[in-house]
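Tertiary structure, described
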Amino acid sequence: MPVIFIDNISYNVKAGKNLLEASLALGLDLPYFCWHPALGSVGACRQCAVKVFKDENDPQGRLVMSCMEEVKEGLRFSINDKTATAFREQVIEWLMTNHPHDCPVCDEGGSCHLQDMTVMTGHDYRRYRFKKRTYRNQYLGPLVHHEMNRCIQCYRCVRYYRDYAGGKDLDVFAAHNHVYFGRESDGVLESPFSGNLAEVCPTGVFTDKTLKEHYTRKWDLTMAPSVCQHCSVGCNTIAGERYGSLRCIQNRYNSEVNGYFLCDRGRYGYEFVNSENRVTKPLLRNRPIEAVSEQELNNHLQVTLSTGSLIGIGSPRASMESNFALRQLVGVDNFYQGISEDEAYLLRKIIGVLSSGTVHSASLKEIEQADAVLILGEDIWNTAPRMALSVLQTVRKMAAADATLQLKLPQWNDAAIKEFVQQEKGFLCNITLLNSPLDEVAASTLRMAPDDMARLGFAIVNQMDASQPAVDNPDDNLLYHAKSIAAVLQEAKRPVIISGVSVCNEGVINAAYNLAAFLTSSGKSAGLCYVVPECNSMGLAMMQAPSFDKAVRRIEETTDTTVILIENDLYRSIPSEEVEYFFKRCKNLIVLDSLFHRTTEKAQALIPVASFAEGDGTIVNYEGRAQRFYQVFMPSNPLIKETWRWLKELSLLRLQKSNGHNLHPDQLLAELETALPQFSGINQTAPAHNFSIHGERIPREPHRYSGRTAMLANQHVSEPKPLQDDDSPLSFTMEGYKGIPPSSAVPFFWAPGWNSVQAVTRYQEEPGGSLKGGDPGIKLFDLNGKQPTYFKEPPEAFHTRQEKWLLLPHYHVLGSGELSSYTRALQELSPAPYAILSANDAKRLALAGGANIRLSVAGKNYTLPVQLKKELPDGILLVTAGLLGADSMNWNSWIKVEKV
Amino acid sequence: MERPLTQHIDLRRPAFTLKEYEQAGGYAALKKAVKELTPKEVQQVVQDSNLKGRGGAGFNTGLKWSFVPMGDEARHPKYLIANADEMEPGTFKDRLLLEGNPHQLIEGMIIAAYAIQADISYIFLRWAYKKAAHLIRKALAEAYEAGYLGENILGSGWGLQMHLHTGVGRYMCGEETALLNALEGKRATPRSKPPFPQVSGLFGKPTVVNNVETFCCIPHIVSNGAEWFKGLSKSEDGGTKIYGVSGKVKRPGAWELPMGITMRELLEEHAGGMANGYQLRGVLPGGASTDFLTTEHMDIKLDFKSVAAAGSRLGTGTMIVMDDATCPVGFVHNLQHFFAQESCGWCTPCREGLPWVEKILLSIEKGEGREEDLDILSLHTKMLGPGNTYCALATGAMEPLQSALKYFREDFERHIHEKSCPWNGHEHR
Amino acid sequence: MLTQEEINAIDHEVKLLPHKKAAVIEALKIVQKERGWVSDASISEVAEYLDMSPAEVDSVATFYNLIFRKQVGRHVILLCDSISCYVMKYQEIYVALQQKLQIQFGETTTDQRFTLLPNACLGCCDHAPALMIDDDLYTDVTIEQLDELLKKYS
Ligand SMILES: Cc1cc2nc3c(=O)[nH]c(=O)nc-3n(C[C@H](O)[C@H](O)[C@H](O)COP(=O)(O)O)c2cc1C
Ligand code: SF4
Ligand code: FES
């Protein structure tokens, strides 16, 4: 560790860092704009200037940009030097010559990096006496608002959007002090990662448009650490509420998972919490007045629950606590996962291999550090978007590795690395059904049918080790690709294999495992990722309950079964014919959910439950990382409770006991650990409910929170007592512990002088590094050095069939997520249902693009417009899946298609 | 007096064809270099000749080349680029060389390319030089035809491609790293250094950029040796220099003269002194981004070191004369307008500072200036100083301003006090 | 749609470069030469041909002052407004041109004949003031010559 001197004080710092990073890591205040820990340095804004001295006898020194200078043993520099501070103040004065003085009405006001830096440099009085430059703003779609006059030309937006996220439709235009950041013309931003602009932009040019619609100052939010509910990646978020409505989702840094960025589904998919579609009262069907009181509900349930048999249907989007509480209520033998047998089967395999200890499941950070990535089948751009953003970084970093080696360029020197790297890419092999935006950075892209993907996977392993199973009748093409991919993987030290269930193919799952297991056993630190459908699919599957199909078989045998179904719209994952059949067979259907949907319509008793924002829970992401989300606000409606809490109450009803004890998530998780040892450790994901620091709880409200005594003055004259949260160490006040809380319980980022999200640096070991105390999440799978058991049987090659097509789902990053699809802004961007055929097949059917086709699935007819894709392998029909109100189809079955 | 660079230049007749150029001894240096010298030896003779880059910064050319990685390990293709962007206001020396004798440039470039073992070379020519573009195209075709370009040049086994690239405006394209971006089809913003272009330049590959005049010296150095080249000069910098004078002098023009002649010789002998009725007030000795010199500097030597010692820079060696009928404030405003306009918009000080400076100067010129404006102007000359901005554009822009504030301060003050321009000549914008 | 000639010319440039995108400035020059200026539609066409987005192309196009993103007249007058021409009173030429053409810098005559633009140093400072009309350079320009000069361009 080099020793450096900052203002004549010696510090040990990490080698390879730049002076700005080193200063920030030491907790020193040094302003900056164009640098960003995830984007690196370019030295454009000149805000981070410091004075470097040759040695202690050099009185003169030299002004340098701290973000562009590497730490060296013995290096001396000054932050407080007069010329340096004057220059930094001057930079702000320059930026302010054109910046509007609209802080009072600016969305960013109070959480603005520019404001912070202005105060930090001490610039206060204006000397510029000429007119300001003005720009026209653009319409950028329903998610991001544009206010160009506030721009300080730090170039971060384009560096993020274009260079980091691979977007093509945002750029910088014109020159000198007319530079303009936006689109070529008005229009919706195309990148599904556009929302990050609001956090990347240091001022109010790009802001969250959905927040704007129910705006509140960020310091006025009640906030809690949360976990995204919209796919299996499990990004960490901060959710903020005021006046009982959820106002926005912001990124919560976790270096292992999402780092600094979210996808738009995750950022904007929150509005369902505030939607009209919420279940707010218990309903008992077929009564003159269906909405009932809690007492009436209890009376009803007491009867229902005490007669006949009881089964429970869990949910891949409900928390561990809720699923487990259901299992406890109905009993182990009566608990079913609310998913199809096909899906459950694949998930069982995945759980099997991940818990075998023979492969390592990779975090996003590990994906980003890989030196070769093979994607086998999964369309991660649409099913695990944040993972796709990571893969973009992997490829970039791989290419940059050369520059850092050959030119000894530090990794943060983004500008220089880019110029060296040019169009070079690292190794990404993207094997999918359709073209994907990832192809652009892929060294090799292959479009094949799922069986052939599996065969290729097997063949690659066979190429690396001939004793591994070979595929039957491989064609030259397959062998060629197997050979060339094998060659790269063999060279790699940290290869990552990504696969998943969205192609509905067992062989693909097997092949991905064989690849990862083989690479691991040949001494590489290989990683394996299986993308699964929902935010807690992995956790639910780990409970090893039978699938929904088994529940159907079970209910066929009985006539007096009451079904309790939690947070699950079965129509989305099970063909409607089967769902209806099931509902007909059950005697009573009790549904607990937060939103109305087709399944809740069938409930005899419908119980309103908390959304993620109104309750606590734990979910397990694709890598087996258990993470806690906290209640953001207590709903004013006391009937809205967490599913697990309701279920506990139901069990008391059933046992005819009165409320015996107060229940906390920790207790449930402790019981879960005992009942199911595969979850051991899960209770460590978050501090216990009674955790405190020096007797103080962690405030959900920043100490700048305003209006506490006045915000409800129209309702009560006296200030209401703060709400009590007994389930977690977080309090609903602004008082409490002011230091840095445990990393899993950080409700917001703030540090003195740092009111914007940039304050996160103060919570990290070093800029861009892990959070102090380690990143949140407990991994439930671990490598244990066991020998792998390989899958032996590669599938046969895929053959097209006469007049029939293999039906597979096609997902959309914005549109396919269940909860997020109840959000207006995302609905606007979601496509209408359609089907995709290969161009060849379309010709066979004499179809033109846009023509309608009819298909009949599980007794139901669908008419869909068809799109033609050249790249899609023949014999496959893709249909959009997961869109609002869309039926589940018999995925992976062969069906007929007719021209309409 | 020897005038190696311009001896065959006569703008009244067409530029030399390849044949004429060869007859006058052209391409002999190339033959000598390729057949008798190793690349390192060529680098060495150029370094020994003390040829300093004629693009304005005055860095030893041979030394610059020596940073290019050589040998089998080196990454290819390597690039060599002639900077023929010449957009520095008041500069018109490269045009003379380009229109007068394009083969000389091409030969110099081929030798330089040989010295660094480049594979591909470009002439980055500014858009406005239509005639030069035409002549270069023709000369390139001839050189290819004669086997001086292409594969296996003169049987050496080494080959070189050379292309002409014409720009689409922007002064920034002359800055060598911004030029690389322009050649890559990007916005001409500068690049960070290090890494230097010699290591990671065009398309990330080793690259050397030199000025046209620099290249034109090369054949002569290789033919006649380092000592001869140094002997041409009246100072420690080697060779001759194309000096030029514009403004209200009797005979504006450009001349090749020994490096290190005095300003007096240049202005009085070659430019014929001031035009009738005008007095000299100041000169920018080497283009728009150099500090003013005044009558007190008439006897300084025009070489890199002496001009620097007098508080300015030799720059491009083409001087702009400011006479007594020209308002210094208007003059400086004109320059700052140019620089603000040509700022690429990448770094804050230049992008935001120059327009402020320009606005202040215009308001002073219009008689709307205020006392404190002069402080803000001085402040900018410091704040936009070397190292504070990303590239040298803004720093260069401050040179005429800071020296104007020094030498012509009363003129600025008169504008402010009298609330009008004593020359009454502000620009019609 | 790019014309076949434009495509051929662009292809030629692409061949000389390590990747397609690098030819974008050349492509814009080619299109401008054929069409006089670069319209939004031209931007999209170039983008499509070079596998770029319109934003990427326009980002480059709008940086360079001699790529015309607005329609210009049949002839473009570039009047040098840099320092040597300033000393030699280009302003008087400008005033004269304003009067003759009834346009200011940045404007086009109503008959679409001329567009008048200021231009940084034309590199003939020893013969200031200077101006260019299309590809033709005029030096030591006097007000008296202007009518004669302009007459050549219809
Ligand atoms: C804003 C700016 C514009 C420049 N324009 C030119 C130019 O037009 N021609 C030129 O040769 N050098 C120009 N230079 C200098 C080049 O960056 C570079 O130093 C030069 O081409 C190197 O050649 P030399 O070593 O032969 O002098 C410019 C520099 C700056 C900062
Ligand atoms: S000084 Fe800065 S803004 Fe100005 S031209 Fe150089 S890099 Fe661009
Ligand atoms: S943060 Fe260092 S120059 Fe912008």
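Residues numbered from 1 in each chain as written. Chains lettered and ligands numbered in written order. Predicted model: local features only at pLDDT ≥ 70, side-chain atom pairs only at ≥ 80, totals over all residues. Heavy atoms only, no water.

Right, let's get into the site of ligand 1. Residues and elements named next belong to chain B. Near ligand 1 there are 18 residues, and of these Gly55, Asn83, Asn210, Asn211 and Thr214 occur at the shortest range. At 3.0 Å, a backbone N or O of Glu176 approaches an oxygen atom of ligand 1. Coverage of ligand 1 by the protein amounts to 90% of the 610 Å² it exposes when considered alone. Among the elements of the structure, strand E4 (207-211) and helix H16 (392-407) are those that each provide at least two residues to the shell around ligand 1. (Near = heavy atom within 4 Å. Polar contact = N/O pair within 3.5 Å; in protein donor to acceptor, adjacent residues only side chain to side chain. Areas by Shrake-Rupley, 256 points an atom, 1.4 Å probe, with all protein chains shown as cover. Helix = DSSP H or I, 4+ residues; strand = E, 2+ residues; numbered from the N terminus.)

Our focus in this paragraph is the sheet that holds strand E29 (residues 804-810) of chain A. Residue and element names in this part refer to chain A. Pairing in this closed barrel of six strands is mixed, and the strands run E29-E33-E30-E32-E31-E34 around the ring. Each neighbouring strand pair of the sheet contributes to a mean axis angle of 45 degrees, computed without reference to strand direction. Where strand E30 (residues 835-838) meets strand E32 (residues 860-869), four bridges bridge the pair, whose relative direction is parallel. Residue Ser838 lies in a different strand from E32, and its bridge partner there is Lys869. (Pairing = 2+ DSSP bridges. Axes fitted to C-alpha atoms, helices over the stretch in contact; angles between N-to-C directions.)

Next up on the list: the domain arrangement of chain C. As far as domains go, chain C holds domain 1 (4-63) and domain 2 (75-151). In this structure, domain 1 of chain C and domain 2 of chain C have C-alpha centres spaced 29 Å apart. (Domains from an automatic or database assignment.)

Attention now goes to helix H10 (residues 341-354) of chain A. Residue and element names in this part refer to chain A. The terminal C-alpha atoms of H10 lie 20 Å apart, and with 14 residues this matches the ideal 20 Å at 1.5 Å per residue to within 8%. Summarising burial for H10: 10 of the 14 residues are buried, a large majority. The complete set of buried residues in H10 reads Glu341, Glu343, Ala344, Leu346, Leu347, Lys349, Ile350, Ile351, Val353 and Leu354. Looking at the buried positions of H10, the neighbouring elements they touch are helix H17 (506-521), strand E20 (527-531), helix H18 (537-542) and helix H19 (548-556). (Expected span 1.5 Å × (residues − 1). Buried < 20%, exposed > 50% of the residue type's maximum accessible area, 1.4 Å probe, protein only. Contact = heavy atoms within 4.5 Å.)

Residues and elements named next belong to chain C. Most of strand E3 (residues 114-119) sits out of view: five of its six residues are buried. Pairing of strand E1 (residues 75-80) with E3 involves six bridges; the strand directions are parallel. Each bridged residue has a counterpart across the sheet, and for Val76 the counterpart in E3 is Thr115. Linking two consecutive strands that pair antiparallel, namely strand E2 (residues 107-108) and E3, is a turn of five residues; a positive phi of about 60 degrees is found at Gln112 within it.

Summed over all chains, the structure comprises 86 salt bridges over all chains. For A:Asp593, the salt bridge goes to A:Arg317, with nearest N and O atoms at 2.9 Å. Here A:Asp593 is found in strand E22 (residues 588-593), whereas its partner A:Arg317 is found in the loop between strand E14 (309-313) and helix H9 (320-330), with 276 residues between them in sequence. Relative accessible area serves as the criterion here: at 0%, A:Asp593 is assigned to the buried category. Residue class for A:Arg317 comes out buried when judged on its relative accessible area of 6%. A salt bridge links C:Arg69 to C:Asp40; the nearest nitrogen and oxygen atoms lie 2.7 Å apart. Of this pair, C:Arg69 sits in the loop between helix H4 (54-61) and E1 while C:Asp40 sits in helix H3 (residues 40-49), placing them 29 residues apart in sequence. In this structure, a network of salt bridges that share partners links the residues A:Arg159, A:Arg162, A:Asp163, A:Asp171, A:Arg396, A:Asp414 and A:Lys418. (Salt bridge = Lys/Arg side-chain N within 4 Å of Asp/Glu carboxyl O.)

Okay, the site of ligand 2 next. Close contacts around ligand 2 come from 13 residues, with B:Pro190, B:Cys344, B:Cys347, B:Cys350 and B:Cys391 the closest. Here the shell around ligand 2 is composed, by residue class, of 10 nonpolar, three polar and no charged. (Nonpolar A, V, L, I, M, F, W, Y, C, P; charged D, E, K, R; others polar.)

It is common to give the size of an interface as the accessible area that goes away when the parts come together. Each side of the interface is counted separately: chain C has 42 residues, and chain B has 56 residues. Each partner contributes to the roughly 3,800 Å² buried at the junction of chain C and chain B, and carbon and sulfur atoms together form 61% of this total. On the chain C side of the contact with chain B, C:Phe63, C:Ile83 and C:Tyr86 bury the most area, a combined 19% of that side's loss. The tally of links from chain C across to chain B stands at one salt bridge. Across the salt bridge formed by C:Asp135 and B:Lys130, the nearest N and O atoms sit 3.4 Å from each other. Those elements that place two or more of their residues in the side of chain C that touches chain B are helix H2 (24-35), H4, helix H5 (83-87) and helix H6 (90-101) of chain C. (Buried area = accessible area lost by both parts, 1.4 Å probe.)

A separate point is a nonpolar patch on the surface. Nonpolar side chains collect at one region of the surface, where B:Phe59, B:Leu63 and B:Phe67 lie side by side and expose about 260 Å² of accessible area between them. The exposure class of B:Phe67 is partly exposed, given its relative accessible area of 44%. (Patch = residues over 30% accessible without salt bridge, like charges linked within 9 Å, V, L, I, M, F, W, Y side chains within 5 Å.)

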